[in-house]
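Given next are the chains, with one letter for each unit.
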Amino acid sequence: MANSINTNRGALIALQNLNATNRSLETTQNRVNTGMKVATAKDNGAIFAIATSQRAEMGAQDAVRQSIQRGQSIVDVALAAGETVIEALTELKSLAVAIQDAPKTYAADGTTVTGLGENAKKLVADFEAMVKEIHVALAGATFDGVNVFKAADAAGIKVTINTAAANNTFEIKAANGTAVAANLAFGTPAGTGAGQFDAATGVWNPKAGNTTGATPSALTDYSVANVEAAITSFTSTMADLGTKSKSLGRQMTFVDKFQDSLETGIGNLVDADLAKESAKLTALQTKQQLGVQALGIANQASSILLNLFRG
C-alpha cells in the first residue's frame, strides 16, 4: 500500500471500528436503561409485533377479570339474601304447623273453616309479615342493577369469561327466566290484589281479611305443604347459585394464571439479561477507549511522512 497524505486508510478503518463500537455501546446502554432487549420495532420487528399482540391480550384479560368479578358480586349478593330467605322459610314452616293446629271455627259440615281464633289470627299475621320480609330480601338482592331473583330479560344475565369469539360468556341466569320470588307465593295466584304476589314489583300484598280477623280466603296459603314446596324450590335455586359461584371462582383463578403466563412469555421475548448486558457494557467501554487511541495513532501516520523529507 502506497504511503499518502491524501488517503489515510488506517484512520478510516479505525474510525469504522470506533463507530461500530459506539453503536453497540448505545444499544447496550439502552438495554441497561430500559431493561429490555426489544423496546421498539427497530430492535426486532417480528418479536416486537408478537409482544405487542400479547400485551393487548393482557389488557383484554383485565376487562375479563372485571366482568368475572362483577358476576361474582351479583351471585354473592344473591347468596347473602338467600341465606336470609332460608332462615325465614325455616321459621315459616314452624308457623305453618302452629296455624294448622290453632283453634278455628267450622261450618256445619265440620271441614269448612269459617273463622280463626285469636291465637290463629296472630300466627297468620306473623306468617304474612315473614312472607313480606322474604320478598323484600329478594327484591333488595341487587348489584349493579342486576337481580338474579327477578325475571331475566331476553338476553339473560351473562358475564364475559374469555376473549374468544365464541363460547366467551358464562350464564348466571337463563334468558326469559322466571322470577324466583314467584315460586314463593305459597299457592296464592299472582296479581296485584290482596293476598297476591306481584311478580312485576316483587311486592307481597297481604290478605286484608287475615290481618283484621275476618275469615281468611284460603288457609291453604299457610299450609306446611306449601312452605315445604317453597323450601324445596328455593334450596334448588341456592344450590344452582352456589355451583355458579364456584365456577366463577375457578374461572378467575384461570385468568390469574393465564395473565401470569402471558407476562412471563412477553418477558422471555423482550426482557434483557442485565447481568450479561452489564458485562458487555464494561467490555464495550474499554473497546471504545482503545478505538479512540487507535484512531489517534492512525492520524499520526501523515505526520510521520514528514520525516522522509528532513535532511
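Residues numbered from 1 in each chain as written. Predicted model: local features only at pLDDT ≥ 70, side-chain atom pairs only at ≥ 80, totals over all residues. Heavy atoms only, no water.

**Some details on the overall build of the chain**
Consideration 1: Tallying secondary structure elements over the chain gives 7 helices and 6 strands in all.
Consideration 2: When the helices and strands of the chain are placed in sequence order, the string is α-α-β-β-α-β-β-β-β-α-α-α-α.
Consideration 3: Relative to its full complement of 311 residues, the chain shows a buried share of 33%.
Consideration 4: Within the chain, residue pairs in contact and separated by at least 24 positions form 69% of the contacts whose partners lie at least 6 positions apart.
Consideration 5: About 17,500 Å² of surface is accessible on the chain, with carbon and sulfur atoms providing 54% of the total. (Helix = DSSP H or I, 4+ residues; strand = E, 2+ residues; numbered from the N terminus. Buried < 20%, exposed > 50% of the residue type's maximum accessible area, 1.4 Å probe, protein only. Contact = heavy atoms within 4.5 Å. Areas by Shrake-Rupley, 256 points an atom, 1.4 Å probe, with all protein chains shown as cover.)

**A few points about helix α1 (residues 9-34)**
Consideration 1: Taking 1.5 Å of rise per residue, the 26 residues of α1 would be expected to cover 38 Å, and the 38 Å separating its terminal C-alpha atoms lies within 8% of that figure.
Consideration 2: Residues of α1 that are buried include every one of Ala11, Ala14, Leu18, Thr21, Leu25 and Thr28, and no others.
Consideration 3: On the buried face of α1, the contacting elements are α6 (274-299).
Consideration 4: The first or second residue beyond α1 is Gly35, which carries a positive phi of 75°. (Expected span 1.5 Å × (residues − 1).)

**What to know about the pattern of salt bridges**
Consideration 1: Scanning the entire structure with this criterion turns up 5 salt bridges.
Consideration 2: Here Glu228 and Lys93 are joined by a salt bridge, their closest N and O atoms 2.9 Å apart. Pair noted here: Glu228 is in helix α5 (residues 224-270) and Lys93 is in helix α2 (residues 45-101), with a separation of 135 residues, a long-range link. (Salt bridge = Lys/Arg side-chain N within 4 Å of Asp/Glu carboxyl O.)

**Here's the deal with the side chain of Asn147**
Consideration 1: Relative to the assigned elements, Asn147 resides in the loop between α3 (118-140) and β3 (157-160).
Consideration 2: Looking at Asn147, the relative accessible area reads 8%, which means it is buried.
Consideration 3: Polar side-chain contacts of Asn147 include one of 2.7 Å to the backbone oxygen of Leu138.
Consideration 4: Here Thr142 takes part through its side chain, which lies 3.4 Å from a polar atom of the side chain of Asn147.
Consideration 5: Apart from residues lying up to four places away in sequence, Asn147 is in contact with Leu138, Ala139, Gly140, Ala141, Thr142 and Ile157. (Polar contact = N/O pair within 3.5 Å; in protein donor to acceptor, adjacent residues only side chain to side chain.)

**Details of the packing of aromatic side chains**
Consideration 1: Taken as a whole, this structure holds 2 aromatic pairs when the rule is applied.
Consideration 2: Both rings, one in Phe149 and one in Phe234, keep their centres 5.8 Å apart while their planes meet at 35°; by these two values the pair is tilted. You can see Phe149 sitting in the loop between α3 and β3 and its partner Phe234 sitting in helix α5, a full 85 residues away along the chain. A single burial state applies to Phe149 and to Phe234, both of which are buried. (Phe/Tyr/Trp six-rings, centres within 6.5 Å; stacked < 30°, edge-to-face > 60°.)

**Looking at the packing of α2 against α5**
Consideration 1: Two elements in contact, α2 and α5, have axes separated by 7 Å at closest approach and are oriented at 165°. Classified by the interaxial angle, the pair formed by α2 and α5 is roughly antiparallel. Between α2 and α5 lies a crossing of left-handed hand.
Consideration 2: Looking at the contact of α2 with α5 residue by residue, the classes come out as 30 nonpolar, 12 polar and 10 charged. (Axes fitted to C-alpha atoms, helices over the stretch in contact; angles between N-to-C directions. Parallel < 35°, antiparallel > 145°, perpendicular 65-115°, else oblique. Left-handed = near helix turned anticlockwise from the far one by under 90°. Nonpolar A, V, L, I, M, F, W, Y, C, P; charged D, E, K, R; others polar.)

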